[in-house]
Every structure is written in C-alpha cells, then in structure tokens.
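Examining the three-dimensional arrangement
Here's the letter readout for the chains.
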Amino acid sequence: MEKTKGNNIGEIILSSASTSQNRLNLARKYRPIRLEDLIGQSHAVKILNEAFKKDRLAPAYLLSGPRGIGKTSTARIIAKAASCLSKDSDKPCEKCAACKAFSGGNLMDVVEMDGASHTGVDDIRRIIEAVAYRPSVGKRNVYIVDEVHMLSNAAFNALLKTLEEPPAHALFIFATTEIEKLPSTVLSRVQRLELRRLHEAEILESLTSICEKEKIEAAVHSLEQIASAADGSLRDAQTLLEQMLLMSGGKKLDDKILDAFLGTIGADKEVEFLELMARREANKLIEKIGEFHDRGKDLLRLQARLLNWIRQLLIFRSCGSLDVLSEKSPEEYIQKLVTAFAAWSLEDIDRLLELSQDAYARIRQHDFPRFVMETSALRATRIPHTEDISRLIQMIERETPDQKLQPSVEAAPVKPKERARPEVKMERPIAPKEVRPTRKINSTDDFLEELAASRPSLSALVKCAEKTELHFDKVVLTFPHGHFAFKQLGDKLMIRELEKAFSTILSRPVQVVLEENSENASKPQAQPRRKDFIKEAREKAVTDPNVQRAAEILGGKISSVTIEGIKT
Ligand SMILES: [Zn+2]
C-alpha cells in the first residue's frame, strides 16, 4: 500500500511534551472574550449586537458550525453579556457583581453542560427544575448545552416544554457541530446562529498577531502552512502553532520540524508547483511529486488545494478579479499564477481544472495516490494550447517567413489586466489586419471565390454547404442533414476561424451561423459527395502551400491526412 497520510493534529498533540513548562496555552490565552474579538463571524455578531442593544434577547440560541471555530467561546460571551446587571451598556460592564463573578469563573447562574456526556432525561430535568428559580447574582439563569445533538429523545422532549414557555429570566444557548441531527421541534424554537469555518487569510492574520504579541519568530511561509493545515479552525491553528514551537524548543519556529509534521506544503510551494505545470516542466513536476511523497505529504489534500488555486485562477481570468469570491487567497499568489498561465487560454485552464478534479476523485479511491498525481501532472503538461494553434494559423496566413515560432510563454503579454478577458473577441470578431488586396464582394459567388483564394482548406469545407447566405452581420451556412462538414465546422475553434476569415473578406465583423437541413435526411447523395470530398481534400491538403509552410515551421512532414477521424 502506498497510501500517504497527513499527520493528524491529535497525534501530534499526544506525542509532544504537553506537560512542558514552556506551555504558552495560546488557545486559552487568545480565546475571544468580547463579541468584537470573534474572527470571521460578523453575521452572528451583528445579530447579537442588535439584540443586546435593544435588550431583546431570544429565549434560546443555537450556535452551529464545524469544530474549533469558536462556538463555546461565543456561548460564553453571550452568557456574560446576558448576565451583566448594568442597565446603560449593551456590553458587559466588567464592574457589576455578575461580571466580576463571571470573570472569576464562579457565577453560579451560568451553567455549562456537555450534551455528549449528559445525554439523559434526568440531566435535563435538573436544569428544567432550576429554571423556575430566579438567578442569584446575575440578570438571568443561563444554560449552555454543548454538543446538544447528543441528547436523547426523552431529554429533547423534556426540554421542549420549557422552550415553549421559558421564564423571562432564563436563557438557553445550545451549540452543535451537527445541526441536521436536531429535531425540527427544537429548531423551530431557537434562534439559529450559524458560525462559519474561518478563511486561511483570517487564520494567518490571527497567527501573525499572536506571534507579534508573544515575540515568536516565524516565517510567513510557516504560518501559512499551519493555517492551511488547520482547515478553518482557529483553535486547531493555535494549538498547532504551540505544538510546533514546543518541538522547535524555543520561540523560533523551526521550518524542518513543521515540514516533518504537517501534511501540507504551504501556499508558496503549491503555487510554485503550478508554475512548473504552466511551463510544462514534466521532469521537475515528477521530481516534486516524488519529494512530497517521500516527505509524507498528504497528496489528496495537496490535490484539493491545487484544484482550489486553479479554480481561483479561472475565476480571476473570467471575471477580471476575485471580488466575487467570499474567501480570498493572498493577492500575490493569484498574480503569480496569472503571470505563469498568461499563455494559457481560458479553455486550457478549464481543461486543467477538469483534469485536476478527475485526479482528485481518483486519488481518493486509489491505493497509489502518487501514481495518479504523476500521470495527471504529465497530462496537464500535454494540454494543447488552443491559442498556439490559432497563432500558428495566423502566422501561416500572414506568410512572414523570417518570423520564427516563439515559445508562447515569452510571446504572450504578461500583464494580467490585459489578459483578463481573452474570450470577448469571440462574441464579435474584429476583422484582423488584411494581408491580401481588398476586393469588392458583391455576391455570394464573389465571397466563395475569395474564400477559396485566401483560405483553401476552410473553403473546401464551406463549399459542402448547400446554401450560403450573406447578411450584414452574419453568414448562414446550411448543410445537408448529418453532413460531416457541418460537424467539423461546428467546433468552437473552427467557428472562430471561420468568423475571422469571413470578417476579413467582408471587411466587417460577422458571426457564423451553421444550420443543418432536415428535409433531405434520407437522400442518398451524401455518400458520393463524401468520397469525392475526401479525395479532393487530401490532394488539396498535401499540395496546399500553407500546409507545406506549416510543416516547414514545425520542422515536420505530412505523413497522413485525417478528416473527421478517417485516414485517407
Ligand atoms: Zn456587568
């Protein structure tokens, strides 16, 4: 078995010296204590702030979301603010008896219960009985039930009656990681507050600030690696940072220790890997994958992260910015990717995304993730550059013999802004610079003659049309039913080529519309036409000066002519 496995955070914690006196207790020390300390939960914070300002708290709140994002902290923040006796403030006053008792950890009116260990109806019944009494110090009796989905059915039923008619001085705060396990009768009686997984940038910011305060020396790259390993949980990130520091043996984070223990490689290395892919450096890609594998990196996770980078690149190239995304990766990395993939068309990147998605799915099921990743990376380097092909066609047409075909990476402009929307041209083609003397096109025949003279290979296919109609802004070609030329020209790239050629001939931008005649579907003359065409096309292709020129540029020779998959 070749399966790689990322190091589990739990394992690290167990294996490290947790009794060390150097313990910083970062997670506890930097636990949020006010609503404004909560990171990334602005939606919930806004609702709660409003409620406190108007002094209109709901009788029960349900905090839901993945583990380690601050549900329990939020519950305690609400509990403290709800207990405060001060009348003029919507925040804990820190002066009254309730605030002081809460901060000292001995406010009896706030009861915390773990639903996972107190699942029975008796536990709930004790709470319900206590609810009837007025609070002793604070403004309310507050009951925090963590992991509330673990309660038994009987416990839920007992709770429901109280939730239907809660006393004014009672406040319930439930927290759960699995909201779908809660009965709808409970859900309908609570105000739901969804807390979300934190973005890597938010975690990174928080870690950076902790390092500053604690005078911890840590490279940005290392903190990024921790942030990505924490998978949206700030608490995990803080714990990881602390464990890594303990193992580094001081206040300086050791890169090597980090690398040995974390399954992640960090954002900068991920982007570097994709840059290799953009440059099609197959050897280096294979080398890197071997290296990641040997270092015990989690290849499935790495693939998922590569996928996310490619996705962001695709969105950036399509939309011109990442503003549409709720979560953002550091701008510098996106810029790096945009530059690296400047020579890739949107379609190429789209294909790369598909390929990576497929690789991810296969790595998941495969016993040899390394092999899947290698073959996928190699395939990525072989994605044909669609722009290269059209550039080649353009070059051949312009007949500029001294211009050598440059590697597209150098030839393409690298400014991301200019290349943000390469597809716009497709919508309304602008006539490219003409190299042939212009000729007045007065009829369809003129048009077809000119096409035959300027683009013989395209012309051969266009001539298969039964009808050619010239309109001001479009050219409509109607083909016999099921004709292969119709299928061949229907390709997106071919249509683009047709539009370019037609626009040049007509000296105005035109769209190409392909139609298929349904009437003569069963008429037999399609076959002989096809045979003739193949013969004719082969001769034309082999003798075509453009084809010969292409072979010359590419340093090859014409070994066979393929028409719609048929070798002639
Ligand atoms: Zn107070």
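These remarks concern the structure in this document. (Residues numbered from 1 in each chain as written. Predicted model: local features only at pLDDT ≥ 70, side-chain atom pairs only at ≥ 80, totals over all residues. Heavy atoms only, no water.)

**Section: the overall build of the protein chain**
Across its full length, the protein chain carries 27 helices and 10 strands. Relative to its full complement of 568 residues, the protein chain shows a buried share of 46%. Here the contacts in the protein chain between residues at least 6 apart in sequence split such that 74% fall between residues at least 24 apart. (Helix = DSSP H or I, 4+ residues; strand = E, 2+ residues; numbered from the N terminus. Buried < 20%, exposed > 50% of the residue type's maximum accessible area, 1.4 Å probe, protein only. Contact = heavy atoms within 4.5 Å.)

**Let's talk about the coordination of the zinc ion**
Metal coordination angles have textbook ideals: 109.5 degrees for a tetrahedral set of four donors and 90 or 180 degrees for an octahedral set of six. Of the protein atoms, only Cys84 (SG), Cys93 (SG), Cys96 (SG) and Cys99 (SG) coordinate the zinc ion, at distances of 2.3 Å. Coordination geometry of the zinc ion: the 4 donor atoms subtend angles of 103 to 119° at the metal centre, consistent with an arrangement described as tetrahedral. Ordering the donors of the zinc ion by residue number gives the pattern C-x8-C-x2-C-x2-C. (Donors = N, O, S within 2.8 Å, 3.2 Å for Na, K, Ca; no water. Tetrahedral: all angles 85-135°; square planar, octahedral: opposite > 155°, others 65-115°.)

**Concerning the packing of helix α15 (residues 299–319) against helix α18 (residues 369–381)**
Where α15 meets α18, the closest approach of the two axes is 10 Å, and the angle between their N-to-C directions is 30°. The pairing of α15 with α18 is recorded here as roughly parallel in orientation. Packed against α15, whose contacting residues are Leu299, Leu302, Gln303 and Leu306, the element α18 presents Pro369, Arg370 and Met373 at the interface. Classifying every residue of the contact of α15 with α18 by side-chain character gives 5 nonpolar, 1 polar and 1 charged. (Axes fitted to C-alpha atoms, helices over the stretch in contact; angles between N-to-C directions. Parallel < 35°, antiparallel > 145°, perpendicular 65-115°, else oblique. Nonpolar A, V, L, I, M, F, W, Y, C, P; charged D, E, K, R; others polar.)

**Things to note about the packing of helix α13 (residues 267–278) against α15**
Running from N to C, α13 and α15 point in directions that differ by 70°, and their axes come no closer than 10 Å. In terms of orientation, α13 lies roughly perpendicular with respect to α15. In this structure, α13 uses Ala267, Glu270, Val271, Phe273 and Leu274 to contact α15, whose residues at the interface are Leu302, Arg305, Leu306, Trp309 and Ile310. In terms of residue class, the contact of α13 with α15 is built from 8 nonpolar, no polar and 2 charged.

**Quick word on the sheet that holds strand β4 (residues 170–176)**
Reading across the sheet, the 5 strands line up as β2-β3-β4-β1-β5 and stay open at both edges, with parallel pairing between neighbours. Edge positions in the sheet fall to β2 (110–114) and β5 (191–194), since each has one partner strand and no second. Strand-to-strand twist in this sheet, taken as the mean axis angle between neighbours without regard to direction, amounts to 15°. Here 5 bridges tie β2 to strand β3 (residues 141–146), and the two strands are oriented parallel to one another. Along β3, the bridge assignment pairs valine 110 with valine 142. (Pairing = 2+ DSSP bridges.)

**Quick look at unusual backbone geometry**
With phi around 55°, lysine 215 is a residue other than glycine that occupies positive phi space. Structurally, lysine 215 is set in the loop between α9 (200–214) and α10 (220–229). Looking at lysine 215, the relative accessible area reads 69%, which means it is exposed.

**Considering the side chain of aspartate 109**
One can find aspartate 109 in the loop between α5 (97–103) and β2. Buried charge without a salt bridge: aspartate 109, with arginine 134 as the nearest opposite-charge side chain at an N-O distance of 9.9 Å. Among the polar contacts made by the side chain of aspartate 109, one reaches the side chain of serine 136 at a distance of 2.8 Å. Reaching out from aspartate 109, the side chain makes a polar contact with the backbone nitrogen of glycine 138 at a distance of 2.6 Å. Setting aside residues up to four positions removed in sequence, aspartate 109 forms contacts with Pro135, Ser136, Val137, Gly138, Arg140, Asn141 and Val142. (Lys, Arg positive; Asp, Glu negative; His and termini not counted. Salt bridge = Lys/Arg side-chain N within 4 Å of Asp/Glu carboxyl O. Polar contact = N/O pair within 3.5 Å; in protein donor to acceptor, adjacent residues only side chain to side chain.)

**Things to note about the packing of aromatic side chains**
If you walk through the whole model with that rule in mind, you get 8 aromatic pairs. In this structure an aromatic cluster arises from ring pairing among Tyr143, Phe172 and Phe174. (Phe/Tyr/Trp six-rings, centres within 6.5 Å; stacked < 30°, edge-to-face > 60°.)

**Some words on the nonpolar core**
Within the largest apolar cluster, 52 residues are counted, with the highest numbers of intra-cluster contacts made by Ile173, Ile226 and Leu241. Looking at this core, you find at least three residues from each of domain 1 (41–194) and domain 2 (199–261). Beyond its immediate chain neighbours, meaning those up to four positions away, leucine 241 contacts Leu26, Leu207, Ile210, Cys211, Leu223, Ile226 and Leu253. Ranked by size, the runner-up nonpolar core spans 41 residues in total, among them Leu306, Ile310, Ala340 and Leu346. (Core = buried A, V, L, I, M, F, W, Y, C linked by side-chain atoms within 4.5 Å. Domains from an automatic or database assignment.)

**Structural notes on the layout of surface pockets**
Taken as a whole, the second largest pocket holds about 800 Å³ of empty space. Every residue lining the second largest pocket is counted, 37 residues in all, and those nearest its centre are Ala27, Tyr30, Arg31, Pro32 and Gln238. Going through the elements one at a time, α2 (26–29), α4 (71–83), α9 and α11 (234–248) are the ones with two or more residues in the lining of the second largest pocket. Considering only residue class, the lining of the second largest pocket consists of 11 nonpolar, 11 polar and 15 charged. Shared between two domains, the lining of the second largest pocket takes at least three residues from each, and those domains are domain 1 (41–194) and domain 2 (199–261). (1 Å grid on protein atoms, 1.4 Å probe; cavity = no way out; pocket = protein on both sides within 12 Å on 5 of 7 lines; lining within 4 Å. Points joined across faces, edges and corners; volume = space filled by probe spheres on them.)

**A word on the pattern of salt bridges**
Oppositely charged side chains can form a pair if their charged atoms are brought close together. Applying the stated criterion across every chain yields a total of 25 salt bridges. Among the salt bridges present, the one from glutamate 112 reaches arginine 76, with a minimum N-O distance of 2.7 Å. With glutamate 112 in strand β2 and arginine 76 in helix α4, this residue pair connects regions lying 36 residues apart in the sequence. Put simply, Lys29, Glu214 and Lys251 are held in one network by salt bridges that share partners.

**Regarding the pairing of strand β7 (residues 474–479)**
In terms of burial, β7 is largely enclosed, as 5 of its 6 residues are buried. With 4 bridges joining them, strand β6 (residues 467–470) and β7 adopt antiparallel strand pairing. Looking across to β7, one finds that lysine 467 is bridged to threonine 478. The antiparallel hairpin formed by β6 and β7 contains 3 residues in its connecting segment. Taken together, the 6 bridges between β7 and strand β8 (residues 511–516) define a ladder with parallel strand orientation.

**Some points on a positive patch on the surface**
On the surface, Arg23, Arg28, Arg31 and Arg235 cluster together into a positively charged patch. Exposure remark for arginine 31: the relative accessible area of 31% places this residue in the partly exposed category. (Patch = residues over 30% accessible without salt bridge, like charges linked within 9 Å, V, L, I, M, F, W, Y side chains within 5 Å. Areas by Shrake-Rupley, 256 points an atom, 1.4 Å probe, with all protein chains shown as cover. Charge placed at Lys NZ, Arg CZ, Asp CG, Glu CD.)

**Notes on empty space enclosed by the protein**
Over the atoms a probe the size of a water molecule is rolled, and this reveals where empty space is left. Inspection of the entire model under this criterion finds 2 cavities of 30 Å³ or more. Within this model, the largest cavity holds a volume of roughly 100 Å³. Residue assignment for the lining of the largest cavity shows that the elements contributing at least two residues are α3 (42–53) and α4. Looking at the lining of the largest cavity, the element that brings in the most residues is α4, giving 3 residues. Of the volumes computed, that of the second largest cavity is approximately 60 Å³. Along the walls of the second largest cavity sit Phe273, Leu274, Met277, Ile289, Gln303, Leu306, Ile310, Ser356, Met373, Ser376 and Ala377, which together make up its complete lining. Listed by contribution, the elements that provide at least two residues to the lining of the second largest cavity are α13, α15 and α18.

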